[in-house]
Amino acid sequence: MFGVNDISKKVGNAAKWSIFTEIIVKLISPVTSMILARVLSPEAFGVVATVTMIVSFTDIFTDAGFQKYLVQHQFSNENDKDLSICTAFWTNFGSSVILWFLIFIFSGQLSEMVGNPGMGHVICIGALILPVTSFSSIQTALYRKSLNYKTISYTRITVKLVPLIVTVPLALLGLSYWALIIGNIAGELCNAFLLTMMSNWKPKFRYSLTKLKQMFQFCFWTLLGTISSWFVTNIGVFVVGRLFNEHYLGIYKTSTTMVAQITSIISGATISVLFAALSQLQNDEAQYQKMYTDFLKGIGLLVVPLGAGIFLYRDVVRGILLGGQWVEADLLVGLWGFILAESVIFNDMSGVIILSKGKPDLLFVSNSIQAVCMIPALYIASQYGFKAFVLVSCIVRIQLPVTQSIMAQRVSHIRIWEVLKQLRHYIFATLIMSLGAILLRTCITSTILQYFSILICIFIYFGILFVIPDTRTELYRFLLMAKSKLKK
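So, here is what we can say about the structure in this document. The structure presented is a predicted model; accordingly, all values stated were derived computationally and were not measured.

**Points about the overall build of the protein chain**
Right, so step 1: When helices and strands are counted, the protein chain shows 20 helices and zero strands.
Right, so step 2: Across its three principal directions, the C-alpha atoms of the protein chain cover 70 × 55 × 45 Å.
Right, so step 3: In the protein chain, which comprises 488 residues, the proportion classed as buried is 54%.
Right, so step 4: Within the protein chain, contacts between residues separated by at least 24 positions form 84% of all contacts whose residues are at least 6 apart in sequence.
Right, so step 5: Only carbon and sulfur atoms are counted for the fraction: they give 69% of the accessible area of the protein chain, which is about 21700 Å².
Right, so step 6: Once the 38 positive and 23 negative side-chain charges of the protein chain are each reduced to a mean point, those two points are 6 Å apart.

As structure tokens, then:
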């Protein structure tokens, strides 16, 4: 257990490395994706989308919440910690091997179920990634618990270079979806190897059923929460795969994934660090709230205008990320980007509060409510075409961050109105920026000038914040903090 001052220093250092990593990764990943989007057809991405859906769902059971347990739980001594880690590791690894074997046996039926008949062999090969991730999952949890994001940073950057080196050449050689699958497997192999080699903890043949029982309640509800979250995330993919063709499946999955990569620059750099920090401070309410508020202001400064910007410049974002053959994705890119950006605060950060307080059952409840709302809404909307499906899927998703925020308020002293109060200046500046963007887009027709208008919107947003005394002080504080971290 760290002291409060130690936690603050470690959090600052972890945030620095995490932000650095996300920036570098998000420079590499879009380059890879933009190249592949121009080389491969939407149908190829549609095939891989079904494989990814099955693998990501199965991977939930291999981890079963152990990673979050190791980060959240405070161990009594080193022996208790080591025995817990070993138990979690071997449970993960054994589960992943069994689940891959089941996928191998039922691969044909699975391909029929997800709307890609005859692709059982593709699913079977793609699922080989499962035993590999069991190695990296536990090691990542240990690095996060100790707030050692420097090692994670080196590993993630290296791993993200693998698809660029492996997948793109294979795609250019005409391997279609096989290029994506081979690249994914190669990346995870690299990740598992590097994390294990650089870690002080190595797998040992220790196991305790008693320890497994102690973990069970937290891991069981975390597992259910993760399953329900996966279901909520992928129900759209499943419905499109069943009721539309591979073309629309590729548009839906690729567009939502690409937009998520933009918002995850912020969420990926902060949410896991916040979870580790709040878990350490879960019994110190004053420091807990202070840590949350500091993150809220830093995250809100960026995600509030980001969501509005993606929606207003959805065609520009789509053109940059996917190219001209994906015009049908404009509305999806805009709405999905807006919802995901704002959900970083009202969904992701609320989820961190719930987990850090040891209440994963509430995440399951909130996701279940979302699923009950989504299933009938999406099936009804699909009867009116793909555009109606996109609109309804985005509108229904608003319920999740609302519900999760209410539940986060139940387990902490952090009230929703206090969150909105902290964000009020960012919301006001974003509204003015949005009016400026609408005016600029109405007056400007040139593509080059459209890019210039984005810079003007950024200037408007930060200009308004600079005029407001409170946010001017915040901006100076963030700049000084960034400057000090960069020097280190």
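**A short note on helix H10 (residues 209–243)**
Right, so step 1: Considering bend angle alone, the principal kink of H10 is centred on Phe216 and spans about 50 degrees.
Right, so step 2: Regarding H10, its N-cap is Ser208, as a side-chain oxygen of that residue lies 3.4 Å from the backbone nitrogen of Thr210 further along.

**Focus on the packing of aromatic side chains**
Right, so step 1: Within this structure, the stated rule accounts for 19 aromatic pairs.
Right, so step 2: Look at Tyr69 and Phe75: their rings are 6.4 Å apart centre to centre, the planes differ by 70 degrees, and that puts the pair in the edge-to-face class.
Right, so step 3: Here Tyr69 falls in the buried class, since its relative accessible area comes to 5%.
Right, so step 4: Given a relative accessible area of 17%, Phe75 falls into the buried group.
Right, so step 5: For the pair Phe89 and Phe93, a centre-to-centre distance of 6.5 Å together with 10 degrees between the ring planes defines the contact as stacked. Linking Phe89 with Phe93, this pair stays in helix H4 (residues 78–105), spanning four residues, or about one helical turn.
Right, so step 6: Residue classification places Phe93 among the partly exposed positions, given a relative accessible area of 27%.
Right, so step 7: Through successive ring pairs, a cluster of aromatic residues spans Phe244, Tyr248, Tyr252, Trp336, Phe386 and Phe389.
Right, so step 8: Positioned above the aromatic ring of Tyr288 is the side chain of Lys357, whose terminal nitrogen or guanidinium carbon lies 4.3 Å from the ring centre.
Right, so step 9: Above the plane of the ring of Phe466 lies Arg472, whose end atom (NZ or CZ) is 5.7 Å from the centre.

**Considerations on the pattern of salt bridges**
Right, so step 1: Per the stated rule, a full pass over the model turns up eight salt bridges.
Right, so step 2: Note that Lys357 is salt-bridged to Glu285, the shortest N-O span being 3.0 Å. Of the two residues, Lys357 is situated in the loop between helix H14 (330–356) and helix H15 (360–382) and Glu285 in helix H12 (residues 285–312); the sequence distance between them amounts to 72 residues.
Right, so step 3: Three or more residues are tied together by salt bridges with common partners; here these are Asp82, Lys204 and Arg206.

**Quick look at the environment of Leu83**
Right, so step 1: One can find Leu83 in helix H4.
Right, so step 2: Distance from Leu83 to Arg206, taken between C-alpha atoms, is 6.5 Å for residues 123 residues apart in sequence.
Right, so step 3: Excluding its chain neighbours within four sequence positions, the residues that come into contact with Leu83 are Arg206, Tyr207, Ser208 and Lys211.

**Description of the packing of H4 against H10**
Right, so step 1: At a closest axis distance of 9 Å, the pairing of H4 and H10 adopts a crossing angle of 80 degrees. In terms of orientation, H4 and H10 fall into the roughly perpendicular class. Within the contact between the two elements, H4 uses Asp80, Leu83, Ser84, Thr87, Ala88 and Thr91 and H10 uses Lys211, Leu212 and Met215.
Right, so step 2: When grouped by side-chain class, the residues that make up the contact of H4 with H10 number four nonpolar, three polar and two charged.

**Quick look at the nonpolar core**
Right, so step 1: Core analysis: the largest hydrophobic core is formed by 74 residues, its most contacted members being Met291, Ile345 and Met349.
Right, so step 2: One finds Val47, Leu170, Leu321 and Phe386 within the second-largest nonpolar core, a separate group that totals 65 residues.

**As for unusual backbone geometry**
Right, so step 1: Of note, the phi angle at Leu147 is positive, near 60 degrees, even though the residue is not glycine.
Right, so step 2: Secondary-structure assignment places Leu147 in the loop between helix H7 (129–145) and helix H8 (149–172).
Right, so step 3: Given the relative accessible area of 4%, Leu147 is considered buried.

**Quick word on the environment of Met113**
Right, so step 1: Positionally, Met113 belongs in helix H5 (residues 107–113).
Right, so step 2: With relative accessibility at 48%, the residue Met113 sits in the partly exposed group.
Right, so step 3: Separated by 356 residues in the primary sequence, Met113 and Pro469 have C-alpha atoms spaced 57 Å apart.
Right, so step 4: Those residues within four positions of Met113 in sequence are excluded, and the remaining contacts are Phe238 and Arg242.

**Some remarks on a nonpolar patch on the surface**
Right, so step 1: The grouping of Ile98, Phe101, Leu102, Phe104, Ile105 and Phe106 at the surface amounts to a nonpolar patch, some 580 Å² of accessible area in total.
Right, so step 2: Within the element layout of this structure, Phe104 appears in helix H4.
Right, so step 3: Owing to a relative accessible area of 44%, Phe104 belongs among the partly exposed residues under this scheme.

**Regarding the packing of H7 against H8**
Right, so step 1: Relative orientation of the contacting elements H7 and H8 amounts to 140 degrees, with a least axis distance of 8 Å. Accordingly, the angle class assigned to the pair H7 and H8 is oblique. For the pair formed by H7 and H8, the contact residues are Thr140, Tyr143 and Arg144 on the first element and Tyr149, Thr151 and Ile152 on the second.
Right, so step 2: A per-class count over the contact of H7 with H8 returns three nonpolar, two polar and one charged.

**Regarding the side chain of Thr151**
Right, so step 1: Structurally, the position occupied by Thr151 is in helix H8.
Right, so step 2: When its relative accessible area of 13% is taken as the criterion, Thr151 is described as buried.
Right, so step 3: Side-chain polar atoms of Thr151 contact the side chain of Asn148, separated by 3.3 Å.
Right, so step 4: In contact with Thr151, other than residues within four places in its own chain, are Tyr143 and Met198.

Rules used in this analysis
Residues numbered from 1 in each chain as written. Predicted model: local features only at pLDDT ≥ 70, side-chain atom pairs only at ≥ 80, totals over all residues. Heavy atoms only, no water. Helix = DSSP H or I, 4+ residues; strand = E, 2+ residues; numbered from the N terminus. Buried < 20%, exposed > 50% of the residue type's maximum accessible area, 1.4 Å probe, protein only. Contact = heavy atoms within 4.5 Å. Areas by Shrake-Rupley, 256 points an atom, 1.4 Å probe, with all protein chains shown as cover. Lys, Arg positive; Asp, Glu negative; His and termini not counted. Charge placed at Lys NZ, Arg CZ, Asp CG, Glu CD. Bend = angle between axes of the 7 residues up to and from the residue. Polar contact = N/O pair within 3.5 Å; in protein donor to acceptor, adjacent residues only side chain to side chain. Phe/Tyr/Trp six-rings, centres within 6.5 Å; stacked < 30°, edge-to-face > 60°. Lys NZ or Arg CZ within 6 Å of the ring centre and 35° of its normal. Salt bridge = Lys/Arg side-chain N within 4 Å of Asp/Glu carboxyl O. Axes fitted to C-alpha atoms, helices over the stretch in contact; angles between N-to-C directions. Parallel < 35°, antiparallel > 145°, perpendicular 65-115°, else oblique. Nonpolar A, V, L, I, M, F, W, Y, C, P; charged D, E, K, R; others polar. Core = buried A, V, L, I, M, F, W, Y, C linked by side-chain atoms within 4.5 Å. Patch = residues over 30% accessible without salt bridge, like charges linked within 9 Å, V, L, I, M, F, W, Y side chains within 5 Å.

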